[in-house]
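Structure assessment
Listed below, chain by chain, are the residues.
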Amino acid sequence: MKRILTFILTLTLALSFCVNSFAAATTATASETQTGTSEAQTDTSKTQAGTSEAQTDTSKVQAGTSEAQTDTSKVQAGASYGISNLSGAPDIVAESAVVMDANTGTILYGKEADTKRYPASITKVMTALLAVENCKMNDVITYSNAAVNGIEAGSSTAGINVGAKLTVEDSLYALMLVSANEAAAAIAEHISGSTTEFAKLMTKRAKELGCTNTQFKNPHGLPNEEHYTTAHDMGLILKEAMKHEEFRKISGTISYTLKKSDTLKDTLELWNHAKILRENSDYYYKYAEGAKTGFTQVALNTLVTYAKKDNVELICVILKDYGADKSYTDTANLFKWAFNQVKSVTPLTDFSLKTAMTANTSIDSSKLDQIQLLNSVYDKNFSVLVKKDFNESDLKTAFKLDEDKKTGRLGYIVISCDGKKLGQTEVTYDTTSKQGKAYQEGKTVDDNLKTAPVASKRKDAIHKGIEFSLRLLVAVILIILIMHLIHRHELEKRRKNRISRRKKK
């Protein structure tokens, strides 16, 4: 009986030793797993934060060089299909006009859209664009005598005095709302040192945007025979300016006050000249969101406007119109017609990237398994401008593998119709995440941990397995040894008992 109890006690101790070892190993592994998960979650939060910062930084990027503009053009926000043969456009008085999609630049209507015309004060859209690209809104501009008094007598002004110190933001309100020529000159001097040098920058920037018949000689649009543009070119300039929230906010503001200060002699009330934006005007158009007017004796009336309805945003440019009232009515009529012709569809709203990747038969299974674990992202708001009666189901989507590991591009989602490619949007992954790093380094992406297994952790797991096996082996040997000793003890005890009984006899 004692032997049985001793055996049970020994076995219990040995098993307890093994279980504790296993529990320790398991706990360590679980702890590492939780840590890995926590790190993955932390990385995810960092990724999201990074994305937000990237978006913020993107809005600050200045496309001031040809190279920058080329890079920007590679990112497509949308496409268009079947809207090149629109009919029924209204008759307008203006000699030149264009209506284009603000997203893609697709032209819906054109009337002598590439004919050179004088722009007058809609020139200031380019001045504003360069200001938001090259300045901070709280930068301070000092109004020189040349800026204030060097403009044509009787031309539009906000009444800003020499020596006034205004922020870029305040100057832009004066520029865009009341078409202040002194503000245009002051901004030009602040950025380039002189209006002449600034005009060269304006022309250079226009070419970068794809303008083909534009040359600027001043920042405000006062008459100069060598200062000209086209309706199409002005549409491209406005399209670029609209990418900046500062521009949108200012160009759509109805009124603004410049408060009297130590340098500004009087409080100045600024009211937007664009009646198409003002609800109390006979020329108000409710879908218009921003505008800039212009007029000189040689240019006649000019007007640029952007409007949005049902997720479609359009630009209208009017050049050489015969009266401000005509420019407003021409613009409103073109907008009404255009909005009735087209609609915007988003084919990627319910798109399944995983399904599209699987459908690409050129991707082998091992590759497919890995790229589907990268938590890739793409622009779900990619839009296609089509006719109102277009059947959305005719649009086809497909994933194309086209990797650039340096930038984290995995490929593209290609949108097509009737076998014709309409556009594409990038599919990317976070190169700073554990998954992204592992993929770039050619390592395996682990689905369970949502991260790539690190070599050191793998070694630790192997070491723990070996350690547990050795402990188990030691425990078994220990049990055998103890049982052997117990058995020998019992034999010795029996031998002594036999000797004792013999002596008694």
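The notes below deal with the structure included here. (Residues numbered from 1 in each chain as written. Predicted model: local features only at pLDDT ≥ 70, side-chain atom pairs only at ≥ 80, totals over all residues. Heavy atoms only, no water.)

With respect to unusual backbone geometry
Positive phi is not limited to glycine here, since Ala-120 has a value of about 60°. Mapping Ala-120 onto the fold places it in the loop between β3 (107-111) and α3 (124-134). The backbone of Asn-375 sits at a positive phi, close to 50°, despite the residue not being glycine. Along the chain, Asn-375 turns up in the loop between α12 (365-371) and β12 (383-387). For Asn-375, a relative accessible area of 53% puts it in the exposed group. (Helix = DSSP H or I, 4+ residues; strand = E, 2+ residues; numbered from the N terminus. Buried < 20%, exposed > 50% of the residue type's maximum accessible area, 1.4 Å probe, protein only.)

Describing the pattern of salt bridges
A full pass over the atoms with the stated rule returns 16 salt bridges. Across the pair Lys-320 and Glu-95 runs a salt bridge whose closest N-O atoms are separated by 3.9 Å. Highlighted residues: Lys-320 in strand β10 (residues 312-321) and Glu-95 in the loop between β1 (78-80) and β2 (96-101), separated in sequence by 225 residues. Since its relative accessible area comes to 26%, Lys-320 is described here as partly exposed. (Salt bridge = Lys/Arg side-chain N within 4 Å of Asp/Glu carboxyl O.)

Looking at the packing of helix α6 (residues 181-192) against helix α7 (residues 195-208)
Where α6 meets α7, the closest approach of the two axes is 8 Å, and the angle between their N-to-C directions is 80°. As judged from the angle between their axes, α6 and α7 are roughly perpendicular. Side by side, α6 and α7 meet where Ala-185, Ala-188, Ile-191 and Ser-192 of the first sit next to Thr-195, Glu-197, Phe-198 and Leu-201 of the second. Here the contact of α6 with α7 is built from residues that sort into 5 nonpolar, 2 polar and 1 charged. (Axes fitted to C-alpha atoms, helices over the stretch in contact; angles between N-to-C directions. Parallel < 35°, antiparallel > 145°, perpendicular 65-115°, else oblique. Contact = heavy atoms within 4.5 Å. Nonpolar A, V, L, I, M, F, W, Y, C, P; charged D, E, K, R; others polar.)

What about the packing of helix α5 (residues 168-177) against α6?
Between α5 and α6, whose axes approach to 8 Å, the crossing angle comes to 135°. Overall, the two elements α5 and α6 adopt an arrangement that is oblique. Here α5 and α6 pass one another in a crossing that is left-handed. Between α5, through Ser-171, Leu-172, Ala-174 and Leu-175, and α6, the contact on the second element is made entirely by Ala-183, Ala-184 and Ile-187. Residue composition of the contact of α5 with α6, by class: 6 nonpolar, 1 polar and no charged. (Left-handed = near helix turned anticlockwise from the far one by under 90°.)

Here's the deal with the pairing of strand β14 (residues 409-417)
Within β14, 9 of the 9 residues are buried, which leaves it mostly tucked inside the rest of the structure. Pairing between strand β13 (residues 395-404) and β14: 8 bridges, direction antiparallel. Bridge assignment links Thr-397 to a residue of β14, and that residue is Ile-415. Following β13, the chain reverses through 4 residues before pairing antiparallel with β14; Gly-408 in that reversal takes a positive phi of roughly 85°. With 8 bridges joining them, β14 and strand β15 (residues 420-428) adopt antiparallel strand pairing. Opposite Tyr-412, over in β15, you have Glu-426 as the bridge partner. Between β14 and β15, which pair antiparallel and follow one another directly, the connecting turn spans 2 residues, one of which, Asp-418, has a positive phi of 55°. (Pairing = 2+ DSSP bridges.)

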